[in-house]
Amino acid sequence: MAGTRRHGAGRGRPTLEEVAARAGVGRGTVSRVINGSPRVSDRTRTAVEQAVAELGYVPNRVARALAANRADAVALVIPEPETRLFAEPYFSDIIRGVGAELADTDLQLLLTLIRTPKERQRLADYLSAHRVDGVLLVSVHADDPLPDLLERIEMPAVLSGRRSAHETVPYVDSDNTGGAQSAVEHLIGRGRSTVATITGPLDMYVARCRLEGYSAAIRAAGREVDPRLVASADFTEEGGRSAMRRLLDQRPDLDAIFAASDVMAAGARQVLREHGRGVPDDVAMVGFEDSAVARHMDPPLTSVRQATEEMGRAMVRVLLEEIEGLSDRTSKRPQVVLPTQLVRRESS
């Protein structure tokens with residue numbers, strides 16, 4: 001054992017990689033043990049601590065950060081206006097999960113909203129200068145240039161959701177198609193014959209997946225998808241109201257609604273009330289996300305639960321592995337898809 005220390009000393013200071021190899025774990029696991037993270041098993045912690053003692057490793061976080069050109073900060077980027085950030089529980093749940101997971105690290109969190117082209121360019125310049133160690137990008141539209149920029153400048157990044165089925169940037173997503181399909185199957189199983197849907201903006205993959213789930217359930221029931229029963233919106237309450245009005249104009253005989261978000265369902269519920277339609281007697285309703293909005297609606301809204309806070313936590317875990325270089329960039333990038341669950345309430 002003494003020979004091992006002399007060998008390490010002869011080659012200079014032992015490295016984090018040597019400790020990881022001795023302990024039989026990844027570099028990131030060693031880093032978590034050294035930083036006192038609770039997200040390590042007792043057995044692993046003991047193995048790492050023993051390797052540290054045997055090699056005589058002395059962590060120097062400042063020197064490591066300088067050598068690696070680290071900023072000790074990550075950016076959470078939301079390309080949406082403040083009105084959406086504060087009106088939709090999805091964003092606050094993501095932020096809560098991200099903050100909770102980062103609490104075990106020494107990284108600072110920078111929250112950035114993008115509302116104008118000027119702000120987008122300013123952020124692009126900031127990221128290109130590598131002023132942060134990694135980026136968490138939420139609410140991704142198909143034409144958003146930021147993911148491609150992040151890949152081009154080799155900035156570690158994780159998306160909440162995807163731009164397409166062929167996403168190349170690491171991401172954490174929910175089973176949007178399966179969740180939507182279970183929602184519509186539930187409505188059909190309750191005896192509803194004319195099921196409409198309010199989609200999110202179809203330049204977002206999440207919205208297309210939820211529409212795909214709706215369509216799959218309709219076809220599985222031996223029915224055809226009627227375009228008059230499909231109205232697109234923008235995940236906002238006003239969007240839900242506008243879409244509901246269009247649906248009632250096009251198919252006044254509809255008896256069920258699947259809204260691709262709880263917030264849009266709340267807007268649709270207001271319009272149904274204005275038209276004298278009771279929920280669920282005249283029109284059954286199901287939303288998506290199972291946010292506080294669903295629980296506080298009258299009647300409480302049946303909704304597809306997605307683990308939004310856990311999505312935020314998972315995004316951080318994947319990003320930390322990207323920052324530490326534990327993910328092999330020549331192979332398939334990390335892709336995490338979390339399950340969904342239908343929560344039944346009085347609205348259906």
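Look above for the structure.
Below is a short write-up of the structure. All of these numbers come straight from a predicted model, not from anything done at the bench.

## Quick word on the pairing of strand E10 (residues 302-306)
Look at any regular strand and the pattern is simple: side chains alternate between the two faces of the sheet. The element E10 is largely enclosed, with a buried count of 4 among its 5 residues. For strand E9 (residues 284-289) and E10, the ladder comprises 4 bridges, and the chain directions are parallel. Within E10, the residue paired with Val286 across the bridge is Thr302. Where E10 meets strand E12 (residues 340-343), 4 bridges bridge the pair, whose relative direction is antiparallel. Bridging from a neighbouring strand, Gln306 pairs with Thr340 of E12.

## Considering unusual backbone geometry
With an omega dihedral of 10 degrees, the bond running from Val279 to Pro280 counts as a cis peptide bond. You can see Pro280 is positioned in the loop between helix H13 (262-274) and E9. Look at the link from Asp298 to Pro299: it is a cis peptide, with omega at 0 degrees. Assignment of secondary structure puts Pro299 in the loop between helix H14 (292-296) and E10.

## A word on the sheet that holds strand E7 (residues 230-232)
Hydrogen bonds along the backbone pair up the strands of a sheet, which may run parallel or antiparallel. Sheet architecture is open: 6 strands sit in the order E7-E6-E8-E9-E10-E12, paired in mixed fashion. Two strands close off the open sheet at either side, each with one partner strand: E7 and E12. Strand-to-strand, the axes of this sheet are offset by a mean angle of 15 degrees, without reference to chain direction. Pairing of strand E6 (residues 195-199) with strand E8 (residues 256-259) involves 4 bridges; the strand directions are parallel. In the sheet register, Thr197 faces E8, and the bridge partner there is Phe258.

## A word on the environment of Pro280
Between the C-alpha atom of Pro280 and that of Glu346, which follows or precedes it by 66 residues, the distance is 7.3 Å. Setting aside its immediate chain neighbours within four residues, Pro280 contacts Arg192, Glu346, Ser347 and Ser348.

What counts and how
- Residues numbered from 1 in each chain as written.
- Predicted model: local features only at pLDDT ≥ 70, side-chain atom pairs only at ≥ 80, totals over all residues.
- Heavy atoms only, no water.
- Buried < 20%, exposed > 50% of the residue type's maximum accessible area, 1.4 Å probe, protein only.
- Helix = DSSP H or I, 4+ residues; strand = E, 2+ residues; numbered from the N terminus.
- Pairing = 2+ DSSP bridges.
- Axes fitted to C-alpha atoms, helices over the stretch in contact; angles between N-to-C directions.
- Contact = heavy atoms within 4.5 Å.

Honestly, that's just the spatial picture; any functional story needs more than this.
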